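Read off the chains here:
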Amino acid sequence: MSQSEQAQEVPIDDLHLQLEGELIAPDDGAYDEARQVFFKGFDRTPLGVARVANAGDVAKVVTTAREAGLELAVRSGGHSRAGYGTTDGGLVLDLSAMKSLDIDPDSRTAWVETGITAGEYTTATGEHGLVTGLGDAGSVGLGGITLAGGVGFLVRKNGLTIDDLLAAEVVTADGEVVETSEDSEPDLFWAIRGGEGNFGVATRFRLRLHEISEIVGGMLILPATPEVITGFLDAANEAPEELSTIANVMLAPPMPFIPEEAHGQPILMSQMAYVGPVDQAASAIAPIRALAEPYADMLRPMSYPELYQGPEPEARFASGSNFFTDSLEPAAAETILEGLPKSTAMMKTVQLRVLGGAFGRVPSDATAFGHRDRGLFVNAAAMYADAAEQETHDAFVDGLAADLGKNGAGGYVGFMGDEDESTLRAAYPGENWERLREAKRRYDPENLFRLNHNIPPAAE
């Protein structure tokens, strides 16, 4: 029996009656909006979208999908580049209505549901002068970014998001609600810190908060030359760990704050956050500012949540290829500048994130996310609108990443698309891959949670 034939037998009306949330079916007026994900090019038609209200709802949806043999798409923010947050003919488990947040300023911790976005969470905790390091986009769902690892504006000062994860509530494939931490279900806790949603649906997190209020942050845009790119990497690496940077080498879009004569020319658009004493920020950032006369310097004192404010670009599809490395070869900057104009994508970039600091002080086998000994993250990406162009843009980013030294090096699953098993294995170095497969066998032996960067269960 096909999945579509199975879908017709699913008691959707019964599931609808069981949920405290809502089940949005194809004949509902809200269906077309509910089935959309961040990358708008995915036009998939699920049997229904279950916008759940609590962990009990999650358990009911998981049980229904398992018993009916339906494909299950779990969505927090829906930013999966492969469109894993939706499905054709299966069920979508949409966590976006689960946004409860309980902040304890005294213990500097928070219990938070996983449907909240990074921007919503940071704004709420920021009212107390407290933050958890997340990614660099406010619309990303807390569930997705945390389970992938979480590389963001505090990566050098406080490490990854998972380094601040103290406990989690997870609904496993058998519909059981479990709490996991270092002391309770420790194998599951290890696996979800970088192993994504392969082991269950994370419904709540207990996160550590850091006392950070005023910072110096924002955007600095420089003309991109080989000297500026290599100088930026050197300066960011030598900076105090209170400074984390994200540099995008790209062709300048026609933005009003970029001089018209620079439009279409190579630029280095950097976002950064200095979270040390404000009066010491200028000296920490000075070596980067000195690399070239900036096209725009928007760095200023601000509250931390302001980093997540402002519009985000709408996207249909994206190709990408990323890897961790120690450093780039001297000729890499020229390779980037020569490669970008060859792409026909509407936007193409090479993103460079200098790591180190707190990121590197965690052993590589302490969590499923490894690569702690690496000093640089490289991501080649291309945004496009026509699905028929995928092969062209995939070839471009793969080729550019190879030219920059990828050569089988492991990458970050949070930025990956629909990858083959060899690429996923490389993302989990050492013994991490086999340990993840054992955890998968224990918590999801039938591979219900397979619409993801899938880790197959170990054999009995």
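A quick note: this is a predicted structure, and the numbers were derived from the prediction, not measured. (Residues numbered from 1 in each chain as written. Predicted model: local features only at pLDDT ≥ 70, side-chain atom pairs only at ≥ 80, totals over all residues. Heavy atoms only, no water.)

Colleague: Even after reading the chapter, I still don't get the overall build of the chain, so can you show me in this structure?
Modeller: What the chain contains, in helices and strands, is 14 helices and 19 strands. Against the 2.2 N^0.38 benchmark of 23 Å for 460 residues, the chain shows a C-alpha radius of gyration of 22 Å, consistent with a compact globule. Expressed along its principal axes, the backbone C-alpha trace of the chain runs to roughly 65 × 55 × 45 Å. Out of the 460 residues in the chain, the part that is buried amounts to 57%. Partitioning the contacts of the chain with sequence separation of at least 6, the portion at a separation of at least 24 is 73%. Accessible area for the chain stands at about 18,600 Å²; split by element, carbon and sulfur atoms hold 46% of it. For the chain, the centre of its 33 positive side-chain charges and the centre of its 71 negative side-chain charges are spaced 3 Å apart. (Helix = DSSP H or I, 4+ residues; strand = E, 2+ residues; numbered from the N terminus. Rg over C-alpha atoms; globule rule 2.2 N^0.38 Å. Buried < 20%, exposed > 50% of the residue type's maximum accessible area, 1.4 Å probe, protein only. Contact = heavy atoms within 4.5 Å. Areas by Shrake-Rupley, 256 points an atom, 1.4 Å probe, with all protein chains shown as cover. Lys, Arg positive; Asp, Glu negative; His and termini not counted. Charge placed at Lys NZ, Arg CZ, Asp CG, Glu CD.)

Colleague: What am I meant to see in helix α4 (residues 55-68) here?
Modeller: An α-helical segment advances 3.6 residues per turn. Residues three or four places apart therefore align on the same side. Taking 1.5 Å of rise per residue, 14 residues should cover 20 Å, and α4 covers 20 Å from first to last C-alpha, within 8% of that figure. Of the positions making up α4, those classed as buried are A55, D57, V58, A59, V61, V62, T64 and A65. One side-chain oxygen of the residue at the start of α4 lies 3.1 Å from the amide nitrogen of G56, identifying that residue as N54. Looking one or two places after α4, you find G69, whose phi comes out positive at around 70 degrees. (Expected span 1.5 Å × (residues − 1). Polar contact = N/O pair within 3.5 Å; in protein donor to acceptor, adjacent residues only side chain to side chain.)

Colleague: Hey, could you run me through the side chain of T125 in this one?
Modeller: Here T125 shows up in helix α5 (residues 118-126). Take T125: its relative accessible area is 0%, and that puts it in the buried class. A polar contact of 3.3 Å, which involves the side chain of T125, links it to the backbone oxygen of T122. From its side chain, T125 meets the backbone oxygen of L130 in a polar contact 2.9 Å long. When residues no more than four places from it in sequence are discounted, the contact partners of T125 are L101, I103, L130, V131 and L209.

Colleague: Looking at this model, I keep getting lost on the sheet that holds strand β3 (residues 72-75). Mind explaining?
Modeller: In any sheet, the strands associate via hydrogen bonds between backbone groups, in a parallel or an antiparallel arrangement. A sheet is described by the order of its strands in space; here four strands give the open sequence β1-β2-β4-β3, paired in mixed fashion. If you trace the sheet from one side to the other, it starts and ends with β1 (22-24) and β3, each paired once. Taken pair by pair, the neighbouring strands of this sheet meet at an average axis angle of 20 degrees, ignoring direction. As judged from the four bridges shared by β3 and strand β4 (residues 91-94), these two strands associate in the parallel manner. The partner of V74 across the bridge, within β4, is L93. In the packing of α4 onto the sheet, the strands contacted are β2 (48-51), β3 and β4, and the crossing angle to β4 comes to about 165 degrees. (Pairing = 2+ DSSP bridges. Axes fitted to C-alpha atoms, helices over the stretch in contact; angles between N-to-C directions.)

Colleague: Help me understand unusual backbone geometry in this model?
Modeller: Residues other than glycine predominantly adopt negative phi, and peptide bonds predominantly adopt the trans conformation. Despite not being glycine, E185 has its phi angle at roughly 50 degrees, a positive value. Positive phi outside glycine occurs at H371, with the angle close to 65 degrees. Relative to the elements of secondary structure, H371 occurs in the loop between β18 (347-354) and β19 (376-384).

Colleague: Even after reading the chapter, I still don't get the sheet that holds strand β10 (residues 201-208), so can you show me in this structure?
Modeller: One open sheet accounts for five strands, arranged β5-β6-β10-β8-β9; its pairing is antiparallel. The open sheet has two edge strands with one neighbour each: β5 (101-104) and β9 (177-181). The average undirected angle you get between the axes of adjacent strands in this sheet is 15 degrees. Where strand β6 (residues 109-113) and β10 come together, five bridges link them in antiparallel fashion. Among the inter-strand pairings, E113 is bridged to a residue of β10, identified as R204. Along the sheet, α4 makes contact with β8 (165-171), β9 and β10, crossing β8 at roughly 50 degrees.

Colleague: Would you explain the environment of R289 in this entry?
Modeller: Topologically, R289 is positioned in helix α10 (residues 281-289). Not counting the four nearest positions on each side in its chain, R289 is found in contact with L220, D297 and L299.

Colleague: Just to check I follow, could you spell out the packing of aromatic side chains for this structure?
Modeller: Aromatic rings considered in pairs are described by the distance between their centres and by the relative angle of their planes. Taken as a whole and judged by the stated rule, the model has 13 aromatic pairs. Taking the centre distance of 6.0 Å and the plane angle of 65 degrees together, the rings of F369 and Y412 count as edge-to-face. Placement of F369 in the loop between β18 and β19 and of Y412 in the loop between α12 (390-403) and α13 (421-427) is noted, with a sequence separation of 43 residues between them. In this structure, F369 and Y412 share a single accessibility class: buried. What links up through ring pairs into an aromatic cluster is the set F324, F359, F369, F377, Y412 and F415. In this structure, R372 is placed above the aromatic ring of F359, and the distance from its NZ or CZ to the ring centre is 5.5 Å. A cation over an aromatic ring shows up here: R435 above the ring of W190, its NZ or CZ 4.0 Å from the ring centre. (Phe/Tyr/Trp six-rings, centres within 6.5 Å; stacked < 30°, edge-to-face > 60°. Lys NZ or Arg CZ within 6 Å of the ring centre and 35° of its normal.)

Colleague: Even after reading the chapter, I still don't get α10, so can you show me in this structure?
Modeller: Here α10 has its buried residues at A281, A284, I285 and I288. Angularly, the buried residues of α10 cover 85 degrees about the axis, an arc narrow enough to put them on a single face. Those residues of α10 hidden inside the fold are in contact with β12 (214-223), α9 (226-238), β13 (243-251) and β14 (266-274). (Arc of directions from axis to C-beta.)

Colleague: Looking at this structure, I do not really get the nonpolar core. What am I missing?
Modeller: Burial of nonpolar side chains together is a common tendency in soluble globular proteins. Formed by 58 residues in total, the largest nonpolar core has its most connected members in I192, F199, F205 and Y304. Here the element with the most residues in this core is helix α8 (residues 186-192); it accounts for five residues. Aside from chain neighbours lying at most four places away, what touches F199 is V170, T172, L188, A191, I192, L436, A439, K440, Y443, F449 and I455. Of all hydrophobic cores here, the second largest spans 43 residues; its members include V228, A236, V378 and A380. (Core = buried A, V, L, I, M, F, W, Y, C linked by side-chain atoms within 4.5 Å.)

Colleague: Whenever I open this one, the packing of α9 against helix α11 (residues 332-339) confuses me. Can you help?
Modeller: When two helices pack together, their arrangement is given by the angle between the helix axes and the distance between those axes. Between α9 and α11, the shortest axis-to-axis distance is 8 Å and the interhelical angle comes to 125 degrees. With respect to α11, the axis of α9 lies oblique. Note that α9 runs across α11; the crossing there is right-handed. On α11, the residues that touch P226, I229 and T230 of α9 are A333, E334 and L337. Residues that form the contact of α9 with α11 fall into these classes: four nonpolar, one polar and one charged. (Parallel < 35°, antiparallel > 145°, perpendicular 65-115°, else oblique. Left-handed = near helix turned anticlockwise from the far one by under 90°. Nonpolar A, V, L, I, M, F, W, Y, C, P; charged D, E, K, R; others polar.)

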